[in-house]
Amino acid sequence: MNIKITGTGSCIPSVVIKNTDFMNHIFTNNEGVPFEVDNSEIIQKFSSITGIKERRYATNEENSSDLAAKAALKAIENSNIDPETLDYIIVAHNFGDTDFGSKQSNSLPSVASKVKTILGIKNPKCVAYDILFGCPGWVEGVIQASAFMKAGMASKCLVIGTETLSRVIDKSDRDSMIFADGAGATIIEKQNDKGGILSNESVTYTDNNEIDMLFFGASYEKDNTDQFIKMQGRKVYEFALSSVPVAMKECFDQSGFEIKDLKKIFIHQANEKMDEAIVKRFYRLYKEKVPEGIMPMNIEEHGNSSVATIPTLYDQVLNGQKEGHKLSKGDVVLFASVGAGMNINAITYQV
C-alpha cells in the first residue's frame with residue numbers, strides 16, 4: 001500500500017496587483033515614521049530581493065473558503081473520485097475567513113466545514129477540520145492524511161491550503177507587498193501503484209525567540225489600532241537558511257534515493273533569493289552543486305500566498321503551466337516549507 005496524490009487543483013484569484021500599484025502608499029518604519037527614500041526605490045529593492053513583480057488578490061466577494069472550494073472541485077474532478085467517499089477534509093490556513101473591509105478573522109465554524117458545505121458533501125463520516133501550522137500548513141496536512149492512512153483510519157483525504165492574506169496586511173508596512181491570496185488542493189489516496197510519499201520530516205523551533213519572528217501585531221500607523229500580519233524579515237531569512245536545509249536533508253535521506261535522483265524541489269514561495277539560498281545550502285550538505293532547473297517558481301506572478309504556494313505550484317507543473325518544468329511518472333520530488341511557529345517540514349514524494 002502506497003499513499004499518493006491522485007488529483008490536484010488550484011484557484012488563482014483574478015485581481016492582479018502590480019508593484020507599481022504601491023507607488024502611492026506611505027511606507028513607514030515600526031515607529032510610524034515615513035522613509036526618506038522614494039517608493040520607486042523601495043519597490044525596486046523589494047522586487048530584486050523577493051522576485052515578486054505582481055500578486056493576486058481575491059475579489060471583494062470571495063473568502064478563503066470560497067477559494068478553497070474552487071481548488072477542491074478541480075482536484076476532485078482531476079482525481080475522478082466521488083466526494084462522498086472522502087474520509088477527511090483537512091484545510092490549512094492562518095486567518096480563516098476574513099471578510100473584505102474587516103480585520104476580524106473568522107474560523108468558527110472551521111473553514112473545512114464551510115468547504116464541505118459548499119461542496120455539498122452529505123456523508124457525516126467525512127470529517128472536516130482546520131490546521132494552523134503557518135506557511136507549512138499544506139505539507140503538514142498531507143503528512144497528517146498519510147498518518148491516518150497508515151493507521152487504517154482513512155483511505156481518501158482532501159488536503160487544501162488556502163489564504164486571503166490581502167485582508168490582514170498593514171499598508172504602511174513594506175512587507176505588505178509580499179503577501180497574496182490563493183488556494184491549492186490535493187486528493188490523497190491509498191494506492192497499489194508504486195511511489196507516493198516516501199518520507200517526511202516536521203520540526204518546531206521555539207527556544208530561541210523563534211515564536212516572535214512571524215506574528216499578529218499592531219499597525220505602523222500611529223492612530224491605527226488594528227492588528228496585522230508582521231514579520232522580522234532578517235531573522236526569518238537567517239533562521240530559514242540555517243535550519244531548513246538540515247530538515248530537508250533529514251527528510252530526503254530517509255527516502256532511500258540518492259541526491260542525483262531528485263528531479264524537482266517544490267519549496268514554499270516566500271522570497272526568491274531566500275529560496276535559492278536554501279536550495280544551494282541543501283545541495284552543499286551533499287557536496288553537490290545545484291542542478292539547473294531543479295526549483296520551479298511562481299512567486300514572480302503570484303506573490304507569497306502562504307499555505308497555497310506549494311500545492312498551487314505543483315498543480316501548475318503537473319499541468320504543463322510552468323515553462324521549462326515537467327514531471328513524469330516515477331520522478332522523485334521534495335516538498336519543503338518554513339513559517340510561523342517557527343515550523344519547518346518536508347516530504348519526499350515519488351510521482
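Preceding block: the structure.
Since the model is a prediction, treat every value here as computed from it, not as a measurement. (Residues numbered from 1 in each chain as written. Predicted model: local features only at pLDDT ≥ 70, side-chain atom pairs only at ≥ 80, totals over all residues. Heavy atoms only, no water.)

1. Remarks on the overall build of the chain
Looking only at helices and strands, one finds eight helices and 13 strands in the chain. The globule rule puts the C-alpha radius of gyration for 351 residues at 20 Å, and the 19 Å found for the chain is close to it. Overall, the C-alpha framework of the chain stretches about 60 × 50 × 40 Å when taken along its three principal axes. Classification of the 351 residues of the chain by burial places 57% in the buried group. The contacts in the chain between residues at least 6 apart in sequence include a share of 76% that link residues at least 24 apart. (Helix = DSSP H or I, 4+ residues; strand = E, 2+ residues; numbered from the N terminus. Rg over C-alpha atoms; globule rule 2.2 N^0.38 Å. Buried < 20%, exposed > 50% of the residue type's maximum accessible area, 1.4 Å probe, protein only. Contact = heavy atoms within 4.5 Å.)

2. Brief notes about the environment of S146
Tracing the chain through its elements places S146 in helix 4 (residues 137-150). Apart from residues no more than four positions distant in its own chain, S146 is found in contact with I3 and I197.

3. Notes on the packing of aromatic side chains
One pass over the full model with this rule turns up 13 aromatic pairs. When the centroid spacing of 5.7 Å and the interplanar angle of 45° are considered together, the rings of F266 and F335 count as tilted. Taken together, the residues span a long stretch of sequence, with F266 in strand 11 (residues 262-267) and F335 in strand 12 (residues 332-339) at a distance of 69 residues. F335 matches F266 in its accessibility class, with the two residues each being buried. For the ring pair F335 and Y349, a centre distance of 6.1 Å and an interplane angle of 40° mean the geometry is tilted. Here Y349 lies in strand 13 (residues 343-350) and F335 lies in strand 12, a separation of 14 residues in the sequence. (Phe/Tyr/Trp six-rings, centres within 6.5 Å; stacked < 30°, edge-to-face > 60°.)

4. Details of helix 1 (residues 39-50)
Since the α-helix packs 3.6 residues into each turn, any two residues three or four apart lie on the same face. Between its terminal C-alpha atoms helix 1 stretches 16 Å, which fits the 16 Å expected from 12 residues at 1.5 Å a residue. On its buried face, helix 1 sits against strand 3 (54-57), helix 6 (272-284) and helix 7 (299-302). Remark: G51 follows helix 1 within two positions and exhibits a positive phi of approximately 85°. (Expected span 1.5 Å × (residues − 1).)

5. Examining the environment of K322
Counting through the fold element by element, K322 comes out in the loop between helix 8 (309-318) and strand 12. For K322 and P296, which are 26 residues apart along the polypeptide, the C-alpha to C-alpha distance reads 7.5 Å. Dropping the residues within four chain positions of it, K322 is found in contact with M297, N298, E301, L313, Q316 and V317. At a separation of 2.8 Å, a polar atom in the side chain of K322 contacts the main-chain carbonyl oxygen of M297. (Polar contact = N/O pair within 3.5 Å; in protein donor to acceptor, adjacent residues only side chain to side chain.)

6. Some details on the environment of V33
Looking at where V33 falls in the secondary structure, it is placed in the loop between strand 2 (15-18) and helix 1. Take V33: its relative accessible area is 40%, and that puts it in the partly exposed class. As a C-alpha pair, V33 and S172 span 139 residues in sequence and 9.9 Å in three-dimensional space. Apart from the residues within four sequence positions on either side, V33 is in contact with F27 and T28.

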